[in-house]
Amino acid sequence: MQFAVHYLLLKNKNMKIVSACLAGLNCDYKGGSRPCPKVIELVKKGKAIPICPEQLGGLTTPRTAAEQKDNRVITKVGEDVTKEFKQGAEEGLKLAKMIKCKQAILRAKSPSCGCGKVYDGTFTKTLIKGDGVFAKLLKDNGIEVFTEDDV
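Report on the accompanying structure. This is a predicted model, so every value here is computed, not measured.

## Describing the pattern of salt bridges
Scanning the entire structure with this criterion turns up seven salt bridges. A salt bridge links Asp 28 to Arg 34; the nearest nitrogen and oxygen atoms lie 3.1 Å apart. Overall, the relative accessible area of 10% leaves Asp 28 in the buried class. Looking at Arg 34, the relative accessible area reads 30%, which means it is partly exposed. As a salt-bridge pair, Lys 136 and Asp 140 come within 2.9 Å of each other at their nearest N and O atoms. With Lys 136 and Asp 140 both in helix H5 (residues 133–140), this residue pair falls four residues apart, about one helical turn. Here Asp 140 falls in the exposed class, since its relative accessible area comes to 52%.

## Side note on the nonpolar core
One recurring pattern in soluble globular proteins: nonpolar side chains tend to sit buried together. Among the nonpolar cores identified, the biggest contains 19 residues, and Ile 17, Ile 99, Leu 106, Phe 134, Leu 138 and Ile 143 are the most heavily contacted of them. Of all the secondary-structure elements, those providing two or more residues to this core are strand S2 (48–51), helix H4 (82–98), strand S5 (103–106) and H5. Among residues more than four places away in sequence, those in contact with Leu 138 are Leu 93, Ala 96, Ala 104, Leu 106, Ile 143 and Val 145. Counting twelve residues, the second-largest nonpolar core is a separate cluster that includes Ala 23, Cys 27, Val 39 and Ala 48.

Analysis parameters
Each chain carries its own residue numbering, running from 1 in the written order of its sequence. For a predicted model such as this one, the threshold for reporting local features is a pLDDT of at least 70, and the threshold for listing and counting side-chain atom pairs is 80 or more; totals across whole chains, interfaces and linings nevertheless cover every residue. The side-chain numbers reported here are obtained from all heavy atoms of the structure, hydrogens and water having been left aside. A side-chain nitrogen of Lys or Arg and a carboxyl oxygen of Asp or Glu constitute a salt bridge if their distance falls within 4 Å. Type-normalised accessible area, obtained with a 1.4 Å probe on protein chains alone, sets the label of each residue: buried when under 20%, exposed when over 50%, and partly exposed for intermediate values. A run of H or I in DSSP becomes a helix once it reaches four residues, and a run of E becomes a strand once it reaches two; helices and strands are each numbered from the N terminus. Here, the term nonpolar core denotes a set of buried Ala, Val, Leu, Ile, Met, Phe, Trp, Tyr and Cys residues that are joined through side-chain atoms within 4.5 Å. Contacts: residue pairs with any heavy atoms within 4.5 Å of one another.

In short, the description is geometric, and any link to function would need to be established separately.
Have a look at this one:
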């Protein structure tokens, strides 16, 4: 893997991290994707690496819907998956640092990737101000985060 990362860095110094679901990979909680043509084009051109922090944290696909509530991530059936979300965010950050990533394009409103707004934990589609676990960690480490709505 490290050889591939070094090759990509030599090829493109402005490598981005993108949510894998936006790149068309079937990894969202329902087992589907949320293809974003601009994100797919970045990946095709070798300018972005798709990752799914939830999968990196050990969660399955498909999986039960989850939302943030009181600094925790809770599924619709009440299971606390905060540990998995944090682990996935940490693994994603390792990759971002490895490729010297300065920017990320992540899935809007997601409890992991949301930037600026996330669902409030009531599973009523109510949005509140905040960032997903992965988005917040990237921001805290100096990486600029956008959503598909921004590109």
